Each structure stands twice: as structure tokens, then as C-alpha cells.
Amino acid sequence: CAAPTGRAQARGGSHCKGTGMHTTLIDPLVLAKILHTPAVRVFDVRHDLAHHGAGREEYRRARIPGAIFLDVENELSGTRTSNNGRHPLPEREDFHRLMVAAGVGPETQVVAYDAHGGAMAARLWWMLRWLGHARVAVLDGGWQAWLAAGLEVDDTPLGEERALPGAVSPPLALGTPLVGMVSTADVLANLDAARFVVVDARASARYRGETEPLDPVAGHIPGALNRPHTGNLDADGRFKPAATLATEFAALLGERPAAEVVHQCGTIMKSADITQACHNLLAMEHAGLSGSRLYPGSWSEWCSDPVRPVA
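Rules used throughout
Residues numbered from 1 in each chain as written. Predicted model: local features only at pLDDT ≥ 70, side-chain atom pairs only at ≥ 80, totals over all residues. Heavy atoms only, no water. Helix = DSSP H or I, 4+ residues; strand = E, 2+ residues; numbered from the N terminus. Buried < 20%, exposed > 50% of the residue type's maximum accessible area, 1.4 Å probe, protein only. Contact = heavy atoms within 4.5 Å. Areas by Shrake-Rupley, 256 points an atom, 1.4 Å probe, with all protein chains shown as cover. Salt bridge = Lys/Arg side-chain N within 4 Å of Asp/Glu carboxyl O. Phe/Tyr/Trp six-rings, centres within 6.5 Å; stacked < 30°, edge-to-face > 60°. Lys NZ or Arg CZ within 6 Å of the ring centre and 35° of its normal.

Caption draft 1: The overall build of the chain, seen in detail. Looking only at helices and strands, the chain has eleven helices and twelve strands in total. Put simply, the chain has 311 residues, and 54% of those count as buried. Long-range pairs, those at least 24 residues apart, make up 75% of the contacts in the chain with a sequence separation of at least 6. For the chain, the exposed area adds up to about 12,700 Å²; of that, 54% sits on carbon and sulfur atoms.

Have a look at this one:
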């Protein structure tokens, strides 16, 4: 693919690898150039925890042309129990079937966008890598950046029904995951073993236990470091340059390699305070710090059992 220019070049935003392959972020102007090619599939994952239907309503009013809406609460989350957190991962096979039905194939370039700095889009980015699909990127700056650039918008009102485009040939295979994760048992054992460091993506006040808007317990996992996901963004809602992010994560992690880093959040998702572990993981990948892992259960799962220690 053509070398990025201008803002995309300065931020490393297009992240072209190989032949037209975008694997972390994609600049709105770059997406606009390839939007109508058959190999591109765009997903709209706008969401608001306080109003679960808000994202779908916004999508029905206006969207990037050809974008398919995915529901964070249902399609990107699994069945909830009393102790597996607010937004557990769905079964891998179920999510794979959804992506096949949405027309994702092995050569499909997937782009995800939201309206909240990329937090929800980063979840979809991680989940596709979980299926083994590398050709997935988050739209840098999301819906707001697309509008600010004056790019094409489809504002034809949509009804309730949604028909997925159907599988392409060949369909996406269920491959070897390109990402790693740890369980609650792993995190509990790590309190003594210290084989990895946990990075908490929640707002600092929640990390310190000064406030807790959703969970029954305030505080953090003992030994966890704090990196609010909003620190990955500039004032305009775009990701900071890769070199800046690399410097900031190095200051936080010291000499620890990315392979010894595990990300967690709350899984709170609302417009005022979106804190997503996948956002930090994406930022590290964007900065060239590959190999960190995810704790999907995060704080909402950790604090559901009073036996687990809290700092």
C-alpha cells in the first residue's frame, strides 16, 4: 500500500504492513480511499452503557457507508453469570460464526470505529485477533474524525431489521489466536509469583478506590499499575504518535518486556468514562510493543469474590 503522508505519517496511523494490510490504526483519509473496495469490511460499534440502544440509534441515523452495526452488549459479549464480569467474552466459535456471516474472509481488511476514542473499537480489534485475523484496524479518531474530515456519510434512515451480507468465499477460518489472555486464577497466582505486571486502564480515581460507580468494591488488584486509557489520546481524540506512546509505556513499565504485561479494566463502558484494557493493548501494539496480554474478567470479575485481595 502507498506510504502514509501528512498526519498519518506523523502518527504512524495507517500502519501499512505487507500489501495494503492495516493492523493497528487507520487514518480516516486512508480508509476513505479504500472504503468501496470489496476486500474492506467496516463495523460500527458505537455504544453507551447508560443507554444500551443509543449506539444502534445513532447508526440508524447516520454511518460510514457500508458499515455494519455490532452490539457491544450482546454480539461482542457472552453470557453473564454472577462472577464473570459485566462484559465477558462470547464463545470463540460463536463470534467466529458472526464474523463469517458478516462477510469477513481471510483477505478482508476489517476496520472498527466508535465515538468514544476507540475503546469499543479496540475490543473488536482484539477479538478478531483472537480469531487469528491480523487484517483489522481501529479508525483513528473514530466517528468524530470521519465527520471532521468531511468524508462521505450515509444518512439514509434505517429500520429495525438487519441482514448480514453473508459469507464470502473462502470464509474466515478459525485460526490460531494472535493474542494471549490470562484467567482470574492466573492473576491470583501472580500475586506471589510476580511473573507479570497488571496494568489497570481505569480512571485514576477508580484505581485508587476513591470512587466506584458500578462495582460493589472499590480499589484495585494488589500490585497493579495504573494507565488510564485516555492517556493514549491527544486532545483531539486521536492516538498519540507511536514514539510518544513507546516513551510513556517505558516510563510506566521500566525494563519489563511487553510479554510480561497483562491489561485489565473495569469493564465500564459509558460515554463519560470508558476504560478499556484493549485500548491500552492496542496502544502498545501501535507503539511497537507487541505481545502483551489481556485479563478479560478485569475488575468486575476480580471483585465479585470477597476472598480475593483488594488494594
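Caption draft 2: Up close: the pattern of salt bridges. One pass over the structure, following the stated rule, counts 16 salt bridges. Arg97 is the partner of Asp94 in a salt bridge, and the nearest nitrogen-oxygen pair spans 2.2 Å. With Asp94 and Arg97 both in helix H4 (residues 92–101) and three residues apart, the pair spans about one turn of that helix. Where Arg206 meets Asp215, a salt bridge forms, and the shortest distance between an N and an O atom there is 3.3 Å. Here Arg206 and Asp215 have matching classes, each one buried. When salt bridges with common partners are traced through the structure, they connect Asp200, Arg202, Arg206, Glu212 and Asp215 into a single cluster.

Caption draft 3: Geometry of the packing of aromatic side chains. Summed over all chains, the structure comprises three aromatic pairs. Note on Tyr113 and Trp143: the rings are 6.0 Å apart at their centroids and 20° apart in plane angle, and the pair reads as stacked. With Tyr113 in strand S6 (residues 109–113) and Trp143 in helix H6 (residues 142–148), this residue pair connects regions lying 30 residues apart in the sequence. Take Tyr113: its relative accessible area is 0%, and that puts it in the buried class. Trp143 sits in the buried class, given a relative accessible area of 11%. When the ring centre of Trp143 is taken as reference, the NZ or CZ atom of Arg46 above it lies at 4.5 Å. Sitting above the plane of the Phe249 ring, Arg227 keeps its charged end 4.7 Å from the centroid.

Caption draft 4: Here's a closer look at H4. Those residues of H4 that sit buried are Arg92, Phe95, His96, Leu98, Met99 and Val100. Of the surrounding secondary structure, the elements contacted by the buried residues of H4 are strand S4 (40–44) and helix H5 (119–130). At the C-terminal side of H4, Gly103 shows a positive phi close to 85°.

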